[in-house]
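Per-entry structural report
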Amino acid sequence: MTRREAWDDDGGQRHERADGGARIVSLVPSLTELLFALGLGGQVVGRTGFCVHPREALRAVPKVGGTKDVRLERIRELEPTHVLVNIDENRRETVDELAAFVPHIVVTHPCSPQDNLRLFDLLGGVFSAAQRAALLAAELRAALDEAAALRAELDDERVLYLIWREPWMTVARDTYIAATLAEVGWETLPARHGGAQGAARYPAFEWGEPWLAQVERVLLSSEPYRFCDLHVTEVAGLSALPAQLVDGEMVSWYGSRAAEGLRYLCALRRSLREQAGG
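Below: a short report on this structure. (Residues numbered from 1 in each chain as written. Predicted model: local features only at pLDDT ≥ 70, side-chain atom pairs only at ≥ 80, totals over all residues. Heavy atoms only, no water.)

**Here's the deal with helix H7 (residues 176-183)**
One turn of the α-helix equals 3.6 residues, which is why residues spaced by three or four share an orientation. With respect to burial, H7 is a largely interior element, seven of its eight residues being buried. Along H7, the positions that sit buried rather than exposed are Tyr176, Ile177, Ala178, Ala179, Thr180, Leu181 and Glu183. In the stretch just after H7, glycine 185 is the one whose phi turns positive, near 90 degrees. (Buried < 20%, exposed > 50% of the residue type's maximum accessible area, 1.4 Å probe, protein only. Helix = DSSP H or I, 4+ residues; strand = E, 2+ residues; numbered from the N terminus.)

**Let's talk about the pattern of salt bridges**
Under the criterion given, the structure shown has 21 salt bridges. A salt bridge links aspartate 10 to arginine 118; the shortest N-O distance between them is 2.3 Å. Of this pair, aspartate 10 sits in the loop between strand E1 (6-8) and strand E2 (14-16) while arginine 118 sits in helix H5 (residues 115-126); the two residues are 108 residues apart in sequence, bridging distant segments of the chain. For arginine 118, a relative accessible area of 41% translates into the label partly exposed. (Salt bridge = Lys/Arg side-chain N within 4 Å of Asp/Glu carboxyl O.)

**Examining the pairing of strand E10 (residues 243-246)**
Looking along a regular strand, one sees side chains alternate from face to face of the sheet. Sheet analysis places strand E9 (residues 217-221) next to E10, joined by four bridges and oriented parallel. The partner of serine 221 across the bridge, within E10, is valine 246. This β-α-β element, E9 to helix H8 (residues 229-239) to E10, shows right-handed connectivity. (Pairing = 2+ DSSP bridges. Right-handed = clockwise from strand over helix to strand, strands pointing away.)

**Looking at unusual backbone geometry**
Most peptide bonds adopt trans geometry, and most residues besides glycine take a negative phi value. Here the amide bond leading from histidine 53 into proline 54 is cis, since omega sits at 0 degrees, within 30 degrees of zero. Counting through the fold element by element, proline 54 comes out in the loop between strand E4 (44-47) and helix H2 (55-58). The backbone of glutamate 166 sits at a positive phi, close to 60 degrees, despite the residue not being glycine. Within the secondary structure, glutamate 166 is located in the loop between strand E7 (157-162) and H7.

**Things to note about the sheet that holds E10**
Strands sit in the order E8-E7-E9-E10 across an open sheet of four strands; the sheet is parallel. With one partner strand each, in any of the chains shown, strand E8 (186-188) and E10 form the two edges of the open sheet. Adjacent strand axes in the sheet meet at a mean angle of 40 degrees when their direction is disregarded. As paired elements, E7 and E9 share four bridges and run parallel to each other. Of the residues in E9, the one forming a bridge with valine 159 is arginine 217. (Axes fitted to C-alpha atoms, helices over the stretch in contact; angles between N-to-C directions.)

**A word on the side chain of threonine 170**
Relative to the helices and strands, threonine 170 is located in the loop between E7 and H7. Residue classification places threonine 170 among the buried positions, given a relative accessible area of 1%. There is a polar contact of 2.7 Å between the side chain of threonine 170 and the backbone oxygen of tyrosine 161. (Polar contact = N/O pair within 3.5 Å; in protein donor to acceptor, adjacent residues only side chain to side chain.)

**Details of the packing of aromatic side chains**
Two descriptors summarise a pair of aromatic rings, namely the distance from one centre to the other and the angle between the planes of the rings. Taken as a whole and judged by the stated rule, the model has seven aromatic pairs. Each ring, one from tryptophan 164 and one from tyrosine 225, has its centre 5.3 Å from the other, and the planes form 80 degrees; the classification is edge-to-face. In this pair, tryptophan 164 is assigned in the loop between E7 and H7 and tyrosine 225 in the loop between E9 and H8, connecting sequence segments 61 residues apart. Ring geometry for phenylalanine 205 versus tryptophan 207: centroids 5.2 Å apart, planes at 80 degrees, classification edge-to-face. Linked through ring pairs, Trp164, Trp168, Phe205, Trp207, Trp211, Tyr225 and Phe227 together constitute an aromatic cluster. The residue whose ring lies beneath arginine 76 is phenylalanine 101, and the NZ or CZ to ring-centre distance is 4.1 Å. (Phe/Tyr/Trp six-rings, centres within 6.5 Å; stacked < 30°, edge-to-face > 60°. Lys NZ or Arg CZ within 6 Å of the ring centre and 35° of its normal.)

**Topic: the nonpolar core**
Within the largest apolar cluster, 35 residues are counted, with the highest numbers of intra-cluster contacts made by Leu31, Leu34, Leu38, Leu84, Leu123 and Phe127. Every element with two or more residues in this core is listed here: helix H1 (29-37), H5, helix H6 (130-153) and helix H10 (258-275). Of all the elements, H6 adds the most residues to this core, at six residues. With near-sequence residues (within four places) excluded, leucine 34 lies in contact with Leu119, Phe120, Leu123, Leu136, Gly255 and Ser256. Within the second largest apolar cluster, 19 residues are counted, among which are Ile163, Ala178, Val246 and Leu268. (Core = buried A, V, L, I, M, F, W, Y, C linked by side-chain atoms within 4.5 Å. Contact = heavy atoms within 4.5 Å.)

Okay, structure coming up:
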């Protein structure tokens, strides 16, 4: 069998295997965490201020701004060989400017938990971490099996997943968040697709909209808006539905967090069933 030496990213660009001296800047929190899980932390030379896991290890890694407001000159100073970006989280204009002086821009766009398998293969292959990537893939497959078993056991439930307040905002069906919730039988409303990128992926809404009559439960995420118990009470009053805080990192962070996130959601669904006496 021929040893693979190149991998395609989600932007259609082919990447050859990097040498051991790769210098990586990650502009995506999930990908930064994944790089460390793959044993590549020593090659990470830059990250955003939102890249916070693994917390202690990242203290020594320079910040290059945020996911949207990237400091291009700071990245230039770090002389990376590779910059990791995401279609949903980073600006296309930023990527185009980076391409002028960074040899390799690796574009990612996982839209479902299963897409992480390809992501593991991509980064594990390009950066010679295939063995650790295979372990992450096996862990994810086991978590997907657990989620499928739970979904076979429980009836699906239609949910509203809140990510922002003033204005109230939720997620479209074709986001990673919605796909992750669907794995455990939580079907998001509204039944709307937002496209590959842009504001339509995270629509604003009013509480009087007709489709809300189909919602059975409201989930309030801990990020990007930090909902708390007071908001749960507020939303329960506005919707007349059971409302529940959820850990947004467990639902929206892909990469090495994907398997843990699915197990977290499975445990949450079981807990809510027990509370309801089901």
